[in-house]
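Here's the letter readout for the chains.
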Amino acid sequence: MAIRPLVILPDPRLREKSEPVDAITDDIRALAQDMLDTMYDAPGIGLAAVQIGVMKRVVVMDLAKKDEERQPLVLINPRITWASEETSVYEEGCLSIPDYYEEVERPARVRVAYQTLEGETVEREADGLFATCVQHEIDHLDGVLFIDRLSRLKRERVTKKFAKAAKREAAG
Ligand SMILES: [Zn+2]
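Rules behind the numbers
- Residues numbered from 1 in each chain as written.
- Predicted model: local features only at pLDDT ≥ 70, side-chain atom pairs only at ≥ 80, totals over all residues.
- Heavy atoms only, no water.
- Helix = DSSP H or I, 4+ residues; strand = E, 2+ residues; numbered from the N terminus.
- Rg over C-alpha atoms; globule rule 2.2 N^0.38 Å.
- Buried < 20%, exposed > 50% of the residue type's maximum accessible area, 1.4 Å probe, protein only.
- Contact = heavy atoms within 4.5 Å.
- Areas by Shrake-Rupley, 256 points an atom, 1.4 Å probe, with all protein chains shown as cover.
- Lys, Arg positive; Asp, Glu negative; His and termini not counted.
- Charge placed at Lys NZ, Arg CZ, Asp CG, Glu CD.
- Patch = residues over 30% accessible without salt bridge, like charges linked within 9 Å, V, L, I, M, F, W, Y side chains within 5 Å.
- Salt bridge = Lys/Arg side-chain N within 4 Å of Asp/Glu carboxyl O.
- Donors = N, O, S within 2.8 Å, 3.2 Å for Na, K, Ca; no water.
- Pairing = 2+ DSSP bridges.
- Axes fitted to C-alpha atoms, helices over the stretch in contact; angles between N-to-C directions.
- Phe/Tyr/Trp six-rings, centres within 6.5 Å; stacked < 30°, edge-to-face > 60°.
- Lys NZ or Arg CZ within 6 Å of the ring centre and 35° of its normal.
- Core = buried A, V, L, I, M, F, W, Y, C linked by side-chain atoms within 4.5 Å.

1. Let's talk about the overall build of the chain
In terms of helices and strands, the chain carries three helices and seven strands. Mapped from its N terminus to its C terminus, the chain presents α and β elements in the order α-β-β-β-β-β-β-β-α-α. Since a compact globule built from 172 residues should have a radius of gyration of about 16 Å, the 16 Å found for the chain is in line with a globular shape. When each of the 172 residues of the chain is scored for burial, the buried share is 41%. For the chain, restricting intrachain contacts to residue pairs at least 6 apart in sequence, the fraction spanning at least 24 positions comes to 64%. Of the roughly 9800 Å² that the chain leaves accessible, carbon and sulfur atoms contribute 48%. For the chain, the separation between the mean place of its 25 positive charges and that of its 32 negative charges on side chains is 7 Å.

Shown next, in the form of structure tokens:
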């Protein structure tokens, strides 16, 4: 169990495609646990492995409200198998783009297939915050960030801001 450092924009790893998990080993189980620890510590409601620098198709989520019991969810090799035409708009944020929030439009409902840590294949339908969050996390596995779904102007503005901050940090 360990909290790992987060990969922050403009780290180029955020733009790479993650590799499928071919076997659920102790390493993958330990990775999922570290991801949950890191996500709860941040705190966040979803995290992809690339966000702690591991290029594997693993996502963790927990959409429980503050006063509810934790509902950790681990998705191995998740993929969207169906998306509704109907869309919804949520304000999104990302642990790799700290303190930046914008409204993003995505399909309102999706079907997602994935393997559990027990190796079982599951397909379930998601709507509301679950649908938004799972699409955001699967995007990470393909090197896509939520800012890519904003207007060019907004995307360029936030990209510049984080590039400057990274330079300042490197200099100071
Ligand atoms: Zn994110």
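Following the structure, the description resumes.
2. Description of a positive patch on the surface
On the surface, a cluster of positive charge is contributed by Lys160, Lys164, Lys167 and Arg168. Within the secondary structure, lysine 164 sits in helix 3 (residues 152-171). In this structure lysine 164 comes out as exposed when scored by relative accessible area, which is 58%.

3. Re the coordination of the zinc ion
Within the first shell, the zinc ion binds the protein through Cys94 (SG), His136 (NE2) and His140 (NE2), at distances of 2.1 to 2.3 Å. Going along the chain, you hit the donors of the zinc ion in the pattern C-x41-H-x3-H. Of this pair, cysteine 94 sits in strand 4 (residues 87-94) while histidine 136 sits in helix 2 (residues 128-141), and the two are 42 residues apart along the sequence. Classification of cysteine 94 by relative accessible area gives buried; the value is 9%.

4. Quick look at the sheet that holds strand 1 (residues 46-48)
Reading across the sheet, the five strands line up as 1-2-3-6-7 and stay open at both edges, with antiparallel pairing between neighbours. Each of the sheet's edge strands pairs with one partner strand only, and the pair in question is strand 1 and strand 7 (121-127). Neighbouring strand axes in the sheet, compared pairwise and without regard to direction, differ in orientation by 40° on average. The pairing of strand 3 (residues 73-83) with strand 6 (residues 109-115) spans five bridges and is classified as antiparallel. Of the residues in strand 6, the one forming a bridge with isoleucine 76 is glutamine 115.

5. Here's the deal with the packing of aromatic side chains
Counted under the stated rule, the structure contains one aromatic pair. Taking the ring centre of tyrosine 40 as reference, the NZ or CZ of arginine 70 above it sits at 3.7 Å.

6. Things to note about the nonpolar core
Soluble globular proteins tend to bury their nonpolar side chains together. Judged by nonpolar contacts, the single largest core of 30 residues is most densely connected at Met61, Leu75, Ile97, Val134 and Ile147. When residues of this core are traced back to their parent elements, those giving at least two are strand 2 (58-61), strand 3, strand 5 (97-107), strand 6, helix 2 and helix 3. At six residues, the largest contribution of residues to this core is made by helix 2. Among the nonpolar cores identified, the runner-up in size contains 15 residues, and Ala32, Leu36, Ile76 and Leu95 belong to it.

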